[in-house]
Amino acid sequence: MSPCWWRGWSGRPDKWWEWSAISRSLARARARVTEAGLHNVSFIQADVGEVKCDLVFDAVVGRLILQFVPDPVAALRSLSPLIRPGGVLAFQEVSYAPYLALSAHLPLWFAVASIIHETFRRSGAKTEIGIDLFHMFQEAGLPAPAMVLEMPLGSDPGFTRLVYDLVHSLRPHIQPRDLETLGDFDTLRQRLEGEVAISQSVVPYMALVGTWCSKPEGA
Ligand SMILES: C[S@@+](CC[C@H](N)C(=O)[O-])C[C@H]1O[C@@H](n2cnc3c(N)ncnc32)[C@H](O)[C@@H]1O
């Protein structure tokens, strides 16, 4: 995954900007840019709703960020002036509904999906923001966006490992009674793999909704 959460380009192929809220991500991104020998990328650390920049960009692109922002409409509204008329605003955010629905046939897979969903929801994350971006773009004064929903599906151990790794990283934040429903954490990965293998079915990971629009002249 990219360490930076959103980026813009200034209309010149030689000039990229990337923004991030976390110093650690920025340090890693800067190191990668140096390693790649790039001299046309700049970084800014800022809250997404409070970016100060005098430049106007061709595009602003972000992934898995707006779900954590208290007021995504205000953030979109504040980003809009950074884009030139005809420029593009594009975000990719989650929707858990298809993930939960398509997990329902496997009890353990569904329990893990439900706990991941609930843990993010309780933390304040907007777990259906992918779909909600349709009205959020418009409330921010932007046109009705184009949208596409993408959903990874798989069945091999490498795929089930993605879900295990996520629930493992969330473990300190999971409610104790939810943890109990998963049984012994030390065997969870093997049990997930076993359930998927026996079912001979494909299982989903959370869906990502891509949402984008062109900024109209005069907006
Ligand atoms: C799940 S990570 C996504 C990272 C990356 N965009 C990706 O797709 O791999 C969420 C990111 O949102 C950032 N974030 C959360 N709230 C933010 C805010 N109010 N302003 C800026 N960034 C924020 C965090 O710093 C974190 O880097």
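Residues numbered from 1 in each chain as written. Predicted model: local features only at pLDDT ≥ 70, side-chain atom pairs only at ≥ 80, totals over all residues.

Draft legend 1. Expanded view of the pairing of strand 6 (residues 146-150). By the criterion of burial, strand 6 is predominantly exposed, with just zero of the five residues buried. Here strand 6 runs beside strand 9 (residues 207-214); their pairing, made up of five bridges, is antiparallel. Directly across from Ala 146, in strand 9, lies its bridge partner Trp 212. (Buried ≥ 20, exposed ≤ 12 C-beta atoms within 10 Å, placed from the backbone. Helix = DSSP H or I, 4+ residues; strand = E, 2+ residues; numbered from the N terminus. Pairing = 2+ DSSP bridges.)

Draft legend 2. Region of interest: the nonpolar core. The biggest cluster of nonpolar side chains holds 36 residues, and the ones touching the most others in it are Leu 76 and Val 112. For this core, the elements supplying multiple residues, two or more each, are strand 4 (57-63), helix 2 (72-79), strand 5 (83-95), helix 4 (107-122), helix 5 (129-139), helix 6 (157-170), helix 8 (188-199) and strand 9. At five residues, helix 4 tops the list of elements feeding residues into this core. (Core = buried A, V, L, I, M, F, W, Y, C linked by C-beta atoms within 7 Å.)

Draft legend 3. Focus on unusual backbone geometry. Positive phi is not limited to glycine here, since Leu 64 has a value of about 55°. By secondary structure assignment, the location of Leu 64 is in the loop between strand 4 and helix 2. Positive phi, normally seen in glycine, also occurs at Gln 200, with a value near 50°. Locating Gln 200 in the fold gives a position in the loop between helix 8 and strand 8 (203-204). Here Gln 200 falls in the exposed class, since 7 other C-beta atoms lie within 10 Å of it.

Draft legend 4. Layout of helix 8. For helix 8, which comprises twelve residues, the first-to-last C-alpha distance of 17 Å matches the rise-based estimate of 16 Å (1.5 Å per residue) to within 8%. In the stretch just after helix 8, Gln 200 is the one whose phi turns positive, near 50°. (Expected span 1.5 Å × (residues − 1).)

Draft legend 5. Region of interest: the packing of helix 6 against helix 8. Helix 8 packs onto helix 6 with a crossing angle of 130° between their chain directions and a minimal axis gap of 10 Å. Judged on the interaxial angle alone, helix 8 and helix 6 are oblique. The way helix 6 lies across helix 8 gives a crossing that is right-handed. Only Leu 188, Arg 189, Leu 192, Glu 193 and Val 196 of helix 8 make contact with helix 6, whose side of the interface consists of Pro 157, Thr 160, Arg 161, Val 163 and Tyr 164. (Axes fitted to C-alpha atoms, helices over the stretch in contact; angles between N-to-C directions. Parallel < 35°, antiparallel > 145°, perpendicular 65-115°, else oblique. Left-handed = near helix turned anticlockwise from the far one by under 90°. Contact = placed C-beta atoms within 7 Å.)

Draft legend 6. Region of interest: the environment of Tyr 99. Among the secondary structure elements, Tyr 99 is positioned in helix 3 (residues 97-101). When the C-alpha positions of Tyr 99 and Leu 153 are compared, they lie 9.7 Å apart, and in sequence the two are 54 residues distant. Setting aside its immediate chain neighbours within four residues, Tyr 99 contacts Ala 113, Pro 204, Tyr 205, Met 206 and Ala 207.

Draft legend 7. Representation of the confidence of the model for the protein chain within the structure. On average, the protein chain scores 89 in pLDDT, and the residues at 70 or more come to 89%. Below pLDDT 50 for its whole length, residues 1-5 participates in 14 contacts with residues either more than four positions away or in separate chains. Every residue in residues 11-15 scores below 50 in pLDDT, and together they form five contacts with partners more than four places removed in sequence or on other chains. (pLDDT = per-residue confidence, 0-100.)

Draft legend 8. Highlighting the packing of helix 4 against helix 8. In the contact formed by helix 4 and helix 8, the axes pass within 8 Å of each other and the chain directions differ by 130°. Between helix 4 and helix 8, the angle falls in the class oblique. When helix 4 is examined against helix 8, the residues Leu 108, Trp 109 and Val 112 are found in contact with a partner set consisting of Arg 191, Leu 192, Glu 195 and Val 196. Here the residues of the contact of helix 4 with helix 8 sort into five nonpolar, no polar and two charged. (Nonpolar A, V, L, I, M, F, W, Y, C, P; charged D, E, K, R; others polar.)

Draft legend 9. Region of interest: the environment of Leu 142. One can find Leu 142 in the loop between helix 5 and strand 6. Once the C-alpha coordinates of Leu 142 and Leu 76 are considered, the two residues, 66 residues apart in sequence, prove to be 8.6 Å apart. Ignoring anything within four residues of it in the chain, the contact list for Leu 142 reads Leu 76, Ser 80, Leu 89, Phe 137, Cys 213 and Lys 215.

Draft legend 10. Structural detail: the pairing of strand 4. As defined by bridge partners, strand 4 adjoins strand 5 across six bridges and the pair is classed as parallel. Pairing of Val 61 across the sheet is with Ala 90, part of strand 5. Following the backbone out of strand 4, through helix 2 and into the adjacent parallel strand 5, one traces a crossover that is right-handed. (Right-handed = clockwise from strand over helix to strand, strands pointing away.)

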